[in-house]
Amino acid sequence: MSREVRVRFAPSPTGPLHIGGVRTALYNYLFARRNGGKMILRIEDTDSQRFVPGAEEYIIESLKWCGIEIDEGVGYGGPHAPYRQSERREIYLQYAKQLVDAGWAYYAFDTPEELDKLRSEAEAAGKTFAYNYEVREKLATSLRLSKEEVEERIARGDQWVVRFKMPENEVVKMDDLIRGHVEMNTSTLDDKVLYKSADALPTYHLANIVDDHLMEVSHVIRGEEWLPSLPLHYLLYRAFGWTDTQPEFAHLPLLLKPTGSGKLSKRDGDKMGFPVFPLFWTSPTGETARGYREDGYLAEAFINMLSLLGWNPGTEQEIFSMQELIDSFSLERVSKAGARFQPDKAKWFNAQYMHAMSAEQLAPYIQPILKAHGVETTDERAGKAAEIMKERMTLVTDMWDLTSFFFVAPTEYDEKLAKKQWKGDNPAMLAELAELLKGIEEFSKENTESVVRAWIEAKGFSLGQVMNTLRLALVGAGKGPGMFDVTEFIGKEETLRRIEAIIANLKPME
Ligand code: GLU
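Here we summarise the structure given alongside this text. Since this is a predicted model, take the numbers as computed values, not measurements.

1. A closer look at the overall build of the protein chain
Then, number 1: Within the protein chain one finds 19 helices and 15 strands.
Then, number 2: What you see for the protein chain is a C-alpha radius of gyration of 32 Å, clearly larger than the 24 Å of a compact globule of 510 residues, by over 25%.
Then, number 3: Dimensions of the protein chain, computed from C-alpha atoms along their principal axes, come out at roughly 110 × 50 × 40 Å.
Then, number 4: A burial count over the protein chain gives 50% of its 510 residues as buried.

2. Here's the deal with the environment of Ala385
Then, number 1: By the element assignment, Ala385 lies in helix α13 (residues 379-389).
Then, number 2: Exposure remark for Ala385: the relative accessible area of 0% places this residue in the buried category.
Then, number 3: Placed 74 residues apart in sequence, Ala385 and Trp311 show a C-alpha to C-alpha distance of 37 Å.
Then, number 4: Sequence-distant contacts of Ala385, that is, excluding residues within four places in its chain, are made with Thr403, Phe406, Phe407 and Phe489.

3. Focus: helix α2 (residues 55-66)
Then, number 1: For α2, which comprises 12 residues, the first-to-last C-alpha distance of 16 Å matches the rise-based estimate of 16 Å (1.5 Å per residue) to within 8%.
Then, number 2: For α2, the tally of buried residues reaches 9 of 12 residues, placing the bulk of the element in the interior.
Then, number 3: When α2 is considered as a whole, its buried residues turn out to be Ala55, Glu56, Tyr58, Ile59, Ile60, Ser62, Leu63, Trp65 and Cys66.
Then, number 4: At its buried positions, α2 is contacted by β1 (6-9), α1 (19-34), β2 (38-41), β13 (281-282), α9 (299-307) and α10 (322-328).
Then, number 5: Following α2 by one or two positions, Gly67 adopts a phi angle in the positive range, close to 80 degrees.

4. Quick notes on the pattern of salt bridges
Any two side chains of opposite charge can pair if their charged atoms end up close together.
Then, number 1: Applying the stated rule across the entire model yields 36 salt bridges.
Then, number 2: Where Glu87 meets Arg84, a salt bridge forms, and the shortest distance between an N and an O atom there is 2.3 Å.
Then, number 3: Take Glu87: its relative accessible area is 40%, and that puts it in the partly exposed class.
Then, number 4: A relative accessible area of 23% means that Arg84 is categorised as partly exposed.
Then, number 5: Between Asp295 and Arg290 there is a salt bridge, with the nearest N and O atoms lying 2.7 Å from each other.

Thresholds applied
Residues numbered from 1 in each chain as written. Predicted model: local features only at pLDDT ≥ 70, side-chain atom pairs only at ≥ 80, totals over all residues. Heavy atoms only, no water. Helix = DSSP H or I, 4+ residues; strand = E, 2+ residues; numbered from the N terminus. Rg over C-alpha atoms; globule rule 2.2 N^0.38 Å. Buried < 20%, exposed > 50% of the residue type's maximum accessible area, 1.4 Å probe, protein only. Contact = heavy atoms within 4.5 Å. Expected span 1.5 Å × (residues − 1). Salt bridge = Lys/Arg side-chain N within 4 Å of Asp/Glu carboxyl O.

Structure (structure tokens):
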């Protein structure tokens, strides 16, 4: 009997979504699509201290930009709504109580001050305090206090938490789809808090297990940092009696710094000049962080790059559309070892995608850039300009620099090029060329080129001289595509206008 594949991406809205988080979402999505399953977006916002306004919206917008589609979840609804844990708070208390009643958990009444005291006493004795089987019977817990006393404390409003009663000296046997079989002795683990009366909220562990169960999640695919929580999660499934429908687990390898050592952090990005977030982020206090989108990356290239950080197709293929990723993805090909992030490779992917785009595909990227510079033009012309120059583009943000001369006449001339070209017979030669161009009826690239070449030959000019002088007039600098691409694009009138302008405005150099 095979089970319907249901996966979830369950971020906590504590800030912008790190690209490691995007990769987790991506692998969940690919796995769901590959297996005809469903992708859930659950927002785990039970830690009110770490909640950051705007983070949830940022997460949703990032997933949309990446093309990671959600079937059920916050912003999408679905049969298990609500999907935001803060809106499910009534659900969790009964489950915490169920565990207490069954003897799997207990109430603990220690105040933060008492816990601090225990910690510093342990420290003074050169130990670290752990709330576990060694101490729980001696502390203010329902394991020691009488039933009446517990009830009285709760009734009078003392604050309490529910803690999981981690068994002593038991080996938890676990299976991970990426890491294989893992074992852990429970004596090394402490009694995690599951629920807090202070804010009437569950902690991550309880809410996560309860929701995965209620939302019928079949596979939990998440970052390696959650592997240490796996024994507790296994034991929670057992305590609830849900072992039969317990999801399968897959813990994804870390994204490593470009140097290969340690986890990729925002600081690495700042230091080396690359973003670690998908979109530009402004925190409620006004701090900002750069994003791939605003830095000029295409979502498709960004996703392609991320997909290969931890997964490999087993072939030499590097360029994958989302559909191709869906068709080839499998957890078996996700590696255990951390994946080193390479900023140059991200750029390489982006360039590959830009070079392969048609004028039509380029138009929506270049249009806003042109508009921002006050250029109004048709999508067709905008796209064509980008297409002519695309081979030289790495990022979307390169577009203005590479295409502006198609739309705006030079207002100043590159000094070096002017010094070299705007002297001797060249101004007069350009004036003569203008006369020739005036007479050309069909101003297409091919026709103009053949007429001009014949003229150059007849006159005995050097092709380089003529072209570089024309470039100075039309582009204003030693860049741009072939000159006849420019003349065709800007047209006869504009070509003549730019030649007249340089003759009128630039004094020949000596
Ligand atoms: N809320 C957790 C996080 O922010 C989810 C971990 C999990 O997927 O179980 O990463």
